[in-house]
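Reading the structure
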Amino acid sequence: MKTGKTLRDEGIRLVLDNTAPSWRDEALAVVEFLANTRKTFTSDDVWENLTSEPENPAAMGGIMHTARKLKMISPTDTFVLTRRRAGHARPIRVWAGLA
């Protein structure tokens, strides 16, 4: 039986595998930039610095997960409400750069 972590990782991989490589590269570059220039930030800040959006917005979760695995960012214990209209004011994590 697969664990929750295994299912999560498979889902992230599936979404990212079906996301344009150019978008993935740009999103990771934006995360790296924010991690190097700000003490903390959210995925909203990443969205605001992108030139396009992926077909599936869930790809952002995969980008943040990837950036964490690459030790670019670390999760904080803080959550704020998303500013993105599509997010319907749901809570999102605040991240800290590890630069």
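Summarised in this report is the structure supplied together with it.

How each quantity is defined
- Residues numbered from 1 in each chain as written.
- Predicted model: local features only at pLDDT ≥ 70, side-chain atom pairs only at ≥ 80, totals over all residues.
- Heavy atoms only, no water.
- Helix = DSSP H or I, 4+ residues; strand = E, 2+ residues; numbered from the N terminus.
- Rg over C-alpha atoms; globule rule 2.2 N^0.38 Å.
- Expected span 1.5 Å × (residues − 1).
- Buried < 20%, exposed > 50% of the residue type's maximum accessible area, 1.4 Å probe, protein only.
- Arc of directions from axis to C-beta.
- Contact = heavy atoms within 4.5 Å.
- Axes fitted to C-alpha atoms, helices over the stretch in contact; angles between N-to-C directions.
- Parallel < 35°, antiparallel > 145°, perpendicular 65-115°, else oblique.
- Left-handed = near helix turned anticlockwise from the far one by under 90°.
- Nonpolar A, V, L, I, M, F, W, Y, C, P; charged D, E, K, R; others polar.
- Lys, Arg positive; Asp, Glu negative; His and termini not counted.
- Salt bridge = Lys/Arg side-chain N within 4 Å of Asp/Glu carboxyl O.
- Polar contact = N/O pair within 3.5 Å; in protein donor to acceptor, adjacent residues only side chain to side chain.

**So, the overall build of the protein chain**
From N to C terminus, the protein chain includes four helices and three strands. Going from N to C terminus, the protein chain has its helices and strands arranged as α-α-β-α-α-β-β. Computed over C-alpha atoms, the radius of gyration of the protein chain comes to 13 Å, within 12% of the 13 Å expected from 2.2 N^0.38 for 99 residues, which places it in the range of a compact globule. Along the three orthogonal principal directions, the C-alpha set of the protein chain runs to about 40 × 30 × 30 Å.

**Comments concerning helix 1 (residues 4-17)**
Here helix 1 is 14 residues long and its end C-alpha atoms lie 20 Å apart, about the 20 Å a rise of 1.5 Å per residue gives. Listed as buried for helix 1 are Ile 12, Val 15 and Leu 16. Projection of helix 1 onto a plane perpendicular to its axis shows the buried side chains occupying an angular sector of 95°, all on one side. Helix 1 presents Leu 14 and Asp 17 as exposed residues on the side facing more than 90 degrees away from its buried surface. Along its buried surface, helix 1 packs onto helix 2 (21-37) and helix 4 (59-69).

**Some thoughts on the packing of helix 1 against helix 4**
Axis separation between helix 1 and helix 4 bottoms out at 9 Å; the angle between their running directions is 115°. The orientation of helix 1 with respect to helix 4, classified from their angle, is roughly perpendicular. The element helix 1 and its partner helix 4 pack so that their crossing is left-handed. Here Arg 8, Asp 9, Ile 12, Val 15 and Leu 16 of helix 1 lie close against helix 4, whose contacting residues are Ala 59, Gly 62, Ile 63, His 65 and Thr 66. Taken together, the residues of the contact of helix 1 with helix 4 sort by class into five nonpolar, three polar and two charged.

**A look at the side chain of Asp 44**
Along the chain, Asp 44 turns up in helix 3 (residues 43-48). Here Asp 44 sits buried without a salt bridge, and the closest side chain of opposite charge, Arg 83, lies 4.2 Å off (N-O distance). Polar contacts involving the side chain of Asp 44 include one to the main-chain amide nitrogen of Arg 83, which spans 2.5 Å.

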